[in-house]
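# Working through the structure, step by step
Read off the chains here:
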Amino acid sequence: MKPVPHATSLRRAPVQRRSAERLTRILDACAGLLDEVGYDALSTRAVAQRAGVPIGSVYRFFGNKREMADALAQRNLERYVERVTARLDKARTGDWRAAMDAVLDEYLAMKRTAPGFSLVDFGNQIPVGCRHDEPNTRVSDRLTELLAGYLGRTPDTELRRIFLVAVESADTLVQLAFRIDPQGDEAIIAETRELLRAYLARVLD
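Residues numbered from 1 in each chain as written. Predicted model: local features only at pLDDT ≥ 70, side-chain atom pairs only at ≥ 80, totals over all residues. Heavy atoms only, no water.

Another point: the overall build of the protein chain. Within the protein chain, the regular secondary structure consists of 9 helices and 0 strands. Listing every helix and strand of the protein chain by position from the N terminus yields α-α-α-α-α-α-α-α-α. Here the protein chain, with 205 residues, has 45% of them falling under the buried criterion. The long-range fraction of contacts in the protein chain, counting pairs at least 24 apart against all pairs at least 6 apart in sequence, stands at 65%. Only carbon and sulfur atoms are counted for the fraction: they give 50% of the accessible area of the protein chain, which is about 10600 Å². (Helix = DSSP H or I, 4+ residues; strand = E, 2+ residues; numbered from the N terminus. Buried < 20%, exposed > 50% of the residue type's maximum accessible area, 1.4 Å probe, protein only. Contact = heavy atoms within 4.5 Å. Areas by Shrake-Rupley, 256 points an atom, 1.4 Å probe, with all protein chains shown as cover.)

One non-glycine residue with positive phi stands out, namely Asp-121, at about 30 degrees. By secondary structure assignment, the location of Asp-121 is in the loop between helix 6 (117-120) and helix 7 (135-151). According to the relative accessible area criterion, Asp-121 is buried, its value standing at 0%.

As a further point, take the pattern of salt bridges. Evaluation of the coordinates by the stated rule reveals 14 salt bridges. Residue Arg-50 pairs with Glu-36 through a salt bridge whose shortest N-O separation is 2.8 Å. One end of the pair, Arg-50, is in helix 2 (residues 44-51); the other, Glu-36, is in helix 1 (residues 17-37), with 14 residues separating them in the sequence. With relative accessibility at 41%, the residue Arg-50 sits in the partly exposed group. Look at Glu-36 and you get exposed, because its relative accessible area is 54%. The partner of Arg-160 in a salt bridge is Glu-145, with the nearest N and O atoms 2.2 Å apart. Separated by 15 residues along the polypeptide, Arg-160 in helix 8 (residues 157-180) and Glu-145 in helix 7 bring together distant segments of the chain. One salt-bridge network, held together by shared partners, links Asp-101, Asp-105, Arg-193 and Arg-197. (Salt bridge = Lys/Arg side-chain N within 4 Å of Asp/Glu carboxyl O.)

Its 18 residues place the ends of helix 5 (residues 96-113) 26 Å apart at the C-alpha level, agreeing with the 26 Å of an ideal helix rising 1.5 Å per residue. For helix 5, the complete set of buried residues consists of Trp-96, Ala-99, Met-100, Asp-101, Ala-102, Val-103, Leu-104, Glu-106, Tyr-107, Leu-108, Met-110 and Lys-111. On its buried face, helix 5 is in contact with helix 4 (65-88), helix 6, helix 7, helix 8 and helix 9 (186-204). The N-cap residue of helix 5 is Asp-95: its side-chain oxygen and the backbone nitrogen of Arg-97 are 3.1 Å apart. (Expected span 1.5 Å × (residues − 1). Polar contact = N/O pair within 3.5 Å; in protein donor to acceptor, adjacent residues only side chain to side chain.)

A few words on the packing of aromatic side chains. By the definition in use, this model includes 6 aromatic pairs. Note on Tyr-107 and Phe-117: the rings are 5.6 Å apart at their centroids and 65 degrees apart in plane angle, and the pair reads as edge-to-face. In this pair, Tyr-107 is assigned in helix 5 and Phe-117 in helix 6, connecting sequence segments 10 residues apart. Ring geometry for Phe-117 against Phe-122: centres 5.3 Å apart, planes inclined by 85 degrees, an arrangement best described as edge-to-face. Neither residue differs from the other here; Phe-117 and Phe-122 are each classed as buried. Members of the aromatic cluster, joined through ring pairs, are Tyr-80, Tyr-107, Phe-117 and Phe-122. Sitting above the plane of the Tyr-39 ring, Lys-65 keeps its charged end 4.7 Å from the centroid. Sitting over the face of the ring of Phe-178, Lys-111 holds its NZ or CZ atom 5.5 Å from the ring centroid. (Phe/Tyr/Trp six-rings, centres within 6.5 Å; stacked < 30°, edge-to-face > 60°. Lys NZ or Arg CZ within 6 Å of the ring centre and 35° of its normal.)

What follows deals with the packing of helix 8 against helix 9. Running from N to C, helix 8 and helix 9 cross one another at 170 degrees; their axes reach a closest spacing of 9 Å. With respect to their mutual orientation, helix 8 and helix 9 come out roughly antiparallel. Together, Leu-159, Arg-161, Ile-162, Val-165, Ala-166, Ser-169, Ala-170, Leu-173, Leu-176, Ala-177 and Ile-180 of helix 8 and Ile-188, Ile-189, Thr-192, Leu-195, Leu-196, Tyr-199, Leu-200, Val-203 and Leu-204 of helix 9 make up the contact between the two elements. Taken together, the residues of the contact of helix 8 with helix 9 break down into 17 nonpolar, 2 polar and 1 charged. (Axes fitted to C-alpha atoms, helices over the stretch in contact; angles between N-to-C directions. Parallel < 35°, antiparallel > 145°, perpendicular 65-115°, else oblique. Nonpolar A, V, L, I, M, F, W, Y, C, P; charged D, E, K, R; others polar.)

With respect to the helices and strands, Arg-138 occurs in helix 7. The class of Arg-138 is buried, set by a relative accessible area of 18%. From its side chain, Arg-138 meets the backbone oxygen of Phe-122 in a polar contact 3.0 Å long.

Functional significance is not addressed by these values, which are geometric in nature.
Right, here's the structure in full:
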């Protein structure tokens, strides 16, 4: 079964398998409708109809569409981390260049193929609250925990700062690449990769 968001993002956490499957259908419907109608036109009623569930089932988990979009962003992050981990399993431990490629390439793949990702990704387009919950901070924190062992580094303040700078830089440039070309301008993406390599070489070699 596909992963669902952490219980703290939900009004009520799914306990039974059927409830978890219903939540997955709701988030899948939300993602598809985001691509079709955008966030402003998104409604909980339309999500319920698309998912084939009563409107009460949506409100069981979410108070409004913002909470639903944030839960989708959290699910996107969980899936992203899983897919980066799978890529790293095939790479040589300690090779930060391979790790960087895995991180960037998986983000690009999700940007191009994951439903709703172009609007929500990890929460960048939907305000999610306090500063500590900013999407890029969440992403960099997860990557620090994931990559520290792979790189043989301690996930200390310095490494967290390094990955936050890399994530913020890459995010800005990737957004630019997808504004220029809906599939991502390859020249901008190549420049992004070179910029990351130059920065990380200075701090990780």
